[in-house]
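Spelled out from the first residue to the last, the chains are:
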Amino acid sequence: MPEGHVVHRQARQLTTAFKGEKVRVASPQGRFTAAAKVVSGKTFTKAEARGKHLFIGFDNLRWIHIHLGLYGKWQFGKGAQPDDTGLIRLRITAATNFAQLRGPAVCELLTASEMAAVLARIGPDPIHKQADPERAFERVHRSAAPIGALLMNQRIFAGVGNIYRAEVLFRHELSPFTPGRLLTREQFDAIWSDLVFLMTLGVKDGRIDTVRAAHLPEAMGRQPRVDRHGGEVYVYRREGMKCFECGAKVQMADMQGRKLYWCAKCQVG
DNA sequence: AGCTCATGGCGAG
DNA sequence: TCGCCCTGAGCTG
């Protein structure tokens with residue numbers, strides 16, 4: 001259940017493990033068997049991430065497109081595969097490394113043009129160096145929808161999920177309910193560049209940390225907060241706890257079926 | 001053992 | 001906006 005930074009790490013890990021090797025591809029579960037046979041024995045050229053989408057290239061000709069959705073999970077290892085404790089949709093095996101995937105929302109074989117079509121329907125990804133934030137600004141600038149919802153829209157901000165959404169809004173003292181069209185250019189630019197910073201850091205560290213030095217546990221006289229997601233954050237999943245900035249209780253509400261966390265005192269506007 | 005919830009996204013209505 | 005979906009961790013009891 002990753003946000004974009006995890007998918008980018010997985011792309012890097014797959015590339016490191018298999019680049020340039022002829023790999024065996026199989027689908028023990030059976031739901032991807034026919035496609036797996038098409039690419040099995042071919043050369044793994046590279047794996048790439050865009051937003052939460054992962055593409056694995058074979059001979060730079062065919063691509064396996066994966067989206068983990070809420071449940072998908074990769075397992076990496078060397079040598080023999082462990083006993084399967086679940087259904088393995090996709091297994092990639094080379095001389096020393098293996099990787100196996102269970103529970104993805106999407107696992108399909110695409111041509112280059114089909115892959116281009118997927119890329120065309122997602123917005124700029126803050127982790128991607130060539131991302132064009134103007135595309136996101138145009139959408140935000142003419143939208144009446146709340147910025148908290150726009151940040152979760154993968155056609156606008158690819159790779160942002162529920163944690164980065166909540167945290168970037170807190171860091172910019174912006175209410176999640178602010179209509180997109182009311183954001184100034186300066187506010188949009190600040191949010192975009194902060195997403196680039198935070199998500200790039202997430203790729204490097206493999207966790208989401210958003211708390212500034214002055215608010216870190218050692219400066220606040222408190223224990224580090226080890227959440228399931230494994231990072232130090234201001235508001236995500238801190239409902240009812242004290243805001244590190246102002247001491248007010250962190251709020252939680254439902255926004256379009258997802259839990260939204262924010263500090264109503266700090267985040268005005 | 002059973003229930004709830006989760007870093008997500010799709011299509012029906 | 002709602003229901004649903006391929007999983008598994010963390011609770012409760």
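Residues numbered from 1 in each chain as written. Chains lettered and ligands numbered in written order. Predicted model: local features only at pLDDT ≥ 70, side-chain atom pairs only at ≥ 80, totals over all residues. Heavy atoms only, no water.

> Got a sec to walk through the packing of helix H1 (residues 4-18) against helix H7 (residues 185-205)? Specific residues and values, please.
To describe two helices that pack against each other, one gives the angle between their axes and the distance between the axes. Between H1 and H7, the shortest axis-to-axis distance is 8 Å and the interhelical angle comes to 45°. Here H1 is positioned oblique relative to H7, judged by the angle of their axes. Between H1 and H7 the crossing geometry is right-handed. Across the interface between the two elements, His5, His8, Arg9 and Arg12 of H1 pack against Met199, Gly202, Val203, Lys204 and Asp205 of H7. Its residues placed into classes, the contact of H1 with H7 shows two nonpolar, three polar and four charged. (Axes fitted to C-alpha atoms, helices over the stretch in contact; angles between N-to-C directions. Helix = DSSP H or I, 4+ residues; strand = E, 2+ residues; numbered from the N terminus. Parallel < 35°, antiparallel > 145°, perpendicular 65-115°, else oblique. Left-handed = near helix turned anticlockwise from the far one by under 90°. Contact = heavy atoms within 4.5 Å. Nonpolar A, V, L, I, M, F, W, Y, C, P; charged D, E, K, R; others polar.)

> Run through the packing of aromatic side chains, naming residues and quoting values.
On inspection of all chains with the given rule, the structure shows 10 aromatic pairs. Grouped by ring-pair contacts, the aromatic residues Phe137, Phe157, Phe188 and Trp192 constitute a single cluster. The ring of Phe137 has Arg185 lying over it, and the distance from NZ or CZ to the ring centre is 4.0 Å. Here the guanidinium or amino end of Arg222 rests over the ring plane of Phe244, the centre of that ring lying 3.8 Å away. (Phe/Tyr/Trp six-rings, centres within 6.5 Å; stacked < 30°, edge-to-face > 60°. Lys NZ or Arg CZ within 6 Å of the ring centre and 35° of its normal.)

> Any details on the state of the cysteines? Residues and values, ideally.
Within the structure shown, the criterion is met by zero disulfides. Between Cys266, a free cysteine, and Cys243, which holds the nearest cysteine sulfur, the sulfur-to-sulfur gap is 3.7 Å. (Disulfide = S-S within 2.5 Å.)

> Which residues make up the protein's contact with DNA strand C, and what values do they have?
Surveying the vicinity of DNA strand C reveals the residues Arg31, Tyr71, Arg89, Arg102, Gly103, Pro104 and Ala105. Near-protein atoms of DNA strand C (within 4 Å) split between backbone and bases, with sugar and phosphate holding 27%. The contact in question runs from a base oxygen of DNA strand C to an N or O atom on the side chain of Arg89, over 2.3 Å. Tallied by class, residues from the surface near DNA strand C come to three nonpolar, one polar and three charged. (Near = heavy atom within 4 Å. Polar contact = N/O pair within 3.5 Å; in protein donor to acceptor, adjacent residues only side chain to side chain.)

> Residues and numbers for the side chain of His8, please.
Within the secondary structure, His8 is located in helix H1. Judged by relative accessible area, His8 falls into the buried class, the value being 14%. Not counting residues within four places of it along the chain, the set of residues in contact with His8 comprises Ala49, Arg50, Gly51, Asp125, Ile127 and Val203. (Buried < 20%, exposed > 50% of the residue type's maximum accessible area, 1.4 Å probe, protein only.)

> For the pairing of strand S10 (residues 258-262), give the residues involved together with the corresponding values.
As paired elements, strand S9 (residues 251-255) and S10 share five bridges and run antiparallel to each other. Residue pairing for S10: Asp254 is matched across the bridge by Lys259. In textbook terms, the turn of a hairpin is the stretch between consecutive antiparallel strands, and for S9 and S10 this stretch comprises two residues, one of which, Gln256, has a positive phi near 50°. (Pairing = 2+ DSSP bridges.)

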